[in-house]
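# Fold and contact review
Here's the letter readout for the chains.
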Amino acid sequence: MALSVGLDAARSSLAATAEQISVVSRNVSRVGLPGAIRKNTAVITAEGGQVVVSRIGRDSNALLLDKMLVSNSASQTGNALTSALNKLQATVDDVDQERSPAALIGKLSGALQRYSASPQDVGAATAVVYAAKDLVTSLNSASATVAEVRRQADSDIAGAVGNINDLLSSFGELNKEIVAGTRAGRDVTDALDARDRILKDLSNEIGIRTVARDDGDIAIFTESGVTMFDKVARSVTFDASPLLGAGQIGSPVYVDGVPVSGTPQVMAVHSGRIAGLVSVRD
């Protein structure tokens, strides 16, 4: 009897060690993968002296994840604004450059002064005409650049909204898998890693916050409190405006039927790529 108990204990110990080695191998194979989090094992002594792996966990920190999501959203807002401002810089250029609007205005002013001093001088009159043409061409080019930047921002908003809906759909599948696996006592650490990656990608597009529930379930809200996912994904919608006139405001983005961007909204989001793009467009 004692020998049988000893063999069972030894066998269970070897099985637990094999599972620990398997987890270490998974960690090594995933080194360098984006979003990969180190796995760990909890070993306990069960009835009869048997050694078992009670669970496989992750070395993760929910508070740090939340902070990372917030910082990531703020960074993407800045990136969207910086990219647009770099393009808009061409509309004013360096004022010391000959082709900048400021320099061309100066040339036209000088040409007009010379012509006013010698109105009979055909050459001076011609110089005024050419200086005016150069200035008009420059201003038209600047106007076209502004219009294109706004049009591209509106198009990018539509792309971001489509990406958000895809991410929420994928999140729902993983969330369902995690809840079912947690209740059944299965290892769901890889699914948790994948879900965290989706949250990071989602925070690229829009500022979010998450609320943890029982059995590994998570709900997602915009930073302003609009529900994006709670058991099921909520719809995010947007009507693109390919032609935006000067001073015209584009369409808002709706989350679960609530406007979260565009003209001042009670529940507007202020971070994420969408927030930056809306600022550029409007």
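So, here is what we can say about the structure in this document. (Residues numbered from 1 in each chain as written. Predicted model: local features only at pLDDT ≥ 70, side-chain atom pairs only at ≥ 80, totals over all residues. Heavy atoms only, no water.)

### A word on helix 5 (residues 189-205)
Keep this limit in mind: Numbering of helices and strands starts at the N terminus; helices are DSSP runs of H or I of at least 4 residues and strands are runs of E of at least 2. To estimate how far a helix should reach, multiply one less than its number of residues by 1.5 Å. Only protein chains enter the area calculation, which uses a 1.4 Å probe; residues under 20% of their type maximum are buried, those over 50% are exposed, and those in between are partly exposed.
When the terminal C-alpha atoms of helix 5 are compared, their 25 Å separation across 17 residues agrees well with the 24 Å that a helix rising 1.5 Å per residue should span. Of all 17 residues in helix 5, 12 are buried; the element is thus mostly enclosed. Listed as buried for helix 5 are Thr 189, Ala 191, Leu 192, Asp 193, Ala 194, Arg 195, Asp 196, Ile 198, Leu 199, Leu 202, Ser 203 and Glu 205.

### Overview of the sheet that holds strand 8 (residues 253-255)
Inclusion rule: Any two strands with at least two DSSP bridges between them are considered paired. In this description, contact between two residues means that some pair of their heavy atoms is separated by no more than 4.5 Å. The axes are straight lines fitted to the C-alpha atoms, using for helices just the contacting stretch, and the angles between their N-to-C directions are given from 0 to 180°.
Taken in spatial order, the three strands make up an open sheet running 7-8-9, and their pairing is antiparallel. The strands lining the two open edges of the sheet, one partner per strand, are strand 7 (236-238) and strand 9 (258-259). Bridge analysis of strand 8 against strand 9 gives two bridges, and the strand direction is antiparallel. Bridged to Val 255 within strand 9 is Val 258. Docked against the sheet, helix 4 (residues 122-184) engages strand 7 and strand 8, running at close to 160° with respect to strand 7.

### Remarks on the packing of aromatic side chains
The geometry of an aromatic ring pair comes down to the distance between the two centres and the angle between the two planes. What counts, and what does not: When two rings of Phe, Tyr or Trp (its six-membered ring) have centres within 6.5 Å they constitute a pair, described as stacked for plane angles under 30 degrees, edge-to-face for angles over 60, and tilted for the intermediate range.
Across all of its chains, the model carries one aromatic pair by this definition. Ring geometry for Phe 171 against Phe 229: centres 5.0 Å apart, planes inclined by 75°, an arrangement best described as edge-to-face. Residue Phe 171 is located in helix 4, and its partner Phe 229 is located in strand 5 (residues 227-230); the two are separated by 58 residues in the primary sequence. Here Phe 171 and Phe 229 have matching classes, each one buried.

### Thoughts on the sheet that holds strand 4 (residues 218-222)
Spatially, 3-4-5-6 is the arrangement adopted by the four strands of the open sheet, whose pairing is antiparallel. Because the sheet does not close on itself, it has two edges, and the strands there are strand 3 (208-212) and strand 6 (232-233). Strand direction decides the pairing type here: strand 4 and strand 5, joined by two bridges, are antiparallel. Looking at the pairing, Ile 220 lines up with Phe 229 of strand 5. Its contacts with the sheet put helix 4 on strand 4, strand 5 and strand 6, and the angle it makes with strand 5 is roughly 25°. In the packing of helix 5 onto the sheet, the strands contacted are strand 3 and strand 4, and the crossing angle to strand 3 comes to about 150°.

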